[in-house]
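Each chain is listed here by its residues.
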Amino acid sequence: MIKSEICDMLGIEYPVFQGGMAWIADGELAAAVSNGGGLGIIAAGNAPGDYVKEQVRIAKSLTSKPIGVNIMLLSPYADDVAKIVIEEKVEVVTTGAGNPSKYIKEWKSSGIKVIPVVASVAMAKLMTRLGADALIAEGGESGGHVGELTTIVLVPQICDATSLPVIAAGGIADGRGAAAAFVLGARGIQMGTRFLSAFECNVHPAYKEKILKATDLCTAVTGKRLGHPVRSLRTQFSRDYSKAEYGGMPDEELEALGTGALRLAAKEGDGEKGCFLAGQIAAIVKKEQPAADIIKEVMEEAEPILRSASLWVK
Ligand code: TUI
């Protein structure tokens, strides 16, 4: 059994977080992950506060275990959601795509565990100083909004920069990746892409199908020019967007081209105009299964790998 201080800190069985995937990670998925012994996380994404409130209530009706909410800091509703997590007594807040400094004091004084995603050493040091409880080090192999560095170089550098426990994210979808993360110094893992194939994940069936059929080179990063690089499956949308991005389309038009594309993929499975966020590890996701089985399987795979690591030492 793999345990770490993250389990004690949050009252969870396995040090496994489910990534806060915008328009996908709802109350039902989060509850299934938490009931499976991990930390289920509801994605606020760009959705209004009422949506988040509803999903938290759904999750809490389905589990008595701790749950988290991921606040996407580029959202126009981030301030609203920051209050709602306090009102709804959410146990854990993770943040992404920005700097959550202005919220941390209030979350902490409300008893919320604060776990920001960091993509640089500077941000890790700042979050440590401001009283975060742990950090998620997310490498650019991940789906969605990506930083510059890969998981293998980011995790040890973040571990060296902080005394807080670090959760590794980006490029992890099985026990090999999980074991590697622990060897790099992480005390937990976060997976997004792998949970897309959970039975309890309510994403459109066409999205799941694309993940199950994904191959090694099937993702690409778009949006660098606007300062919001995003990794998604190579589709009609990503090709059209890249063409516009490098073909000189004005910024406002380019911004408009991306608006609504995440929702179209997640809710409608729209293969033409949808943006199907996915990590580079999508190709090793091969089957649908209950969220609880995903957690167990990944942890059970990692255990013998970590045990046998000592065989390399002569
Ligand atoms: O946030 C994510 N992944 C996401 S957010 C998202 S929704 C979206 N919609 C429109 C445009 C962009 C995104 C889909 N996927 N992952 C966590 C993450 N956070 N990755 C990288 C970062 C990050 C980047 C910069 C965290 C902090 C940061 O600090 C910048 C600063 O303010 O100094």
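This text goes with the structure placed above it.
Thresholds applied
Residues numbered from 1 in each chain as written. Predicted model: local features only at pLDDT ≥ 70, side-chain atom pairs only at ≥ 80, totals over all residues. Heavy atoms only, no water. Helix = DSSP H or I, 4+ residues; strand = E, 2+ residues; numbered from the N terminus. Rg over C-alpha atoms; globule rule 2.2 N^0.38 Å. Buried < 20%, exposed > 50% of the residue type's maximum accessible area, 1.4 Å probe, protein only. Contact = heavy atoms within 4.5 Å. Areas by Shrake-Rupley, 256 points an atom, 1.4 Å probe, with all protein chains shown as cover. Lys, Arg positive; Asp, Glu negative; His and termini not counted. Charge placed at Lys NZ, Arg CZ, Asp CG, Glu CD. Salt bridge = Lys/Arg side-chain N within 4 Å of Asp/Glu carboxyl O. Core = buried A, V, L, I, M, F, W, Y, C linked by side-chain atoms within 4.5 Å.

Engineer: Just to check I follow, could you spell out the overall build of the protein chain for this structure?
Structural biologist: A count of helices and strands for the protein chain gives 13 helices and 11 strands. Computed over its C-alpha atoms, the radius of gyration of the protein chain comes to 18 Å, within 12% of the 20 Å expected for a compact globule of 314 residues. Looking at the 314 residues of the protein chain, the share that counts as buried comes to 53%. Looking at the protein chain alone, contacts between residues at least 24 apart form 61% of all its contacts between residues at least 6 apart. Of the roughly 13700 Å² of accessible surface on the protein chain, a fraction of 54% belongs to carbon and sulfur atoms. Once the 33 positive and 37 negative side-chain charges of the protein chain are each reduced to a mean point, those two points are 3 Å apart.

Engineer: Would you explain the pattern of salt bridges in this entry?
Structural biologist: Any two side chains of opposite charge can pair, on the condition that their charged atoms come close. On inspection of all chains with the given rule, the structure shows 13 salt bridges. Across the pair K102 and D79 runs a salt bridge, and its minimum N-O distance is 3.2 Å. One end of the pair, K102, is in helix α5 (residues 101-109); the other, D79, is in helix α4 (residues 78-87), and 23 residues separate them in sequence. Looking at K102, the relative accessible area reads 62%, which means it is exposed. When its relative accessible area of 38% is taken as the criterion, D79 is described as partly exposed. Its salt-bridge partner being R194, residue E297 comes within 3.0 Å of it at the nearest N-O pair. Of this pair, E297 sits in helix α13 (residues 291-308) while R194 sits in the loop between β9 (188-191) and α9 (205-212), and the two are 103 residues apart along the sequence. In this structure, a network of salt bridges that share partners links the residues R194, K287 and E297.

Engineer: Before we go on, may I ask you to explain the nonpolar core in this structure?
Structural biologist: In summary, soluble globular proteins display a tendency toward joint burial of nonpolar side chains. Counting residues in hydrophobic clusters, the biggest one holds 86 residues, and the most contacted among them are V69, I71, I189 and Y207. Broken down by element, this core gets its largest block of residues, 6 residues, from α13. Beyond its immediate sequence surroundings of up to four residues, I71 is in contact with A44, A78, V81, A82, V85, V93, T94, T95, G96 and W107. Ranked by size, the runner-up nonpolar core spans 13 residues in total, among them I12, L39, I41 and I136.

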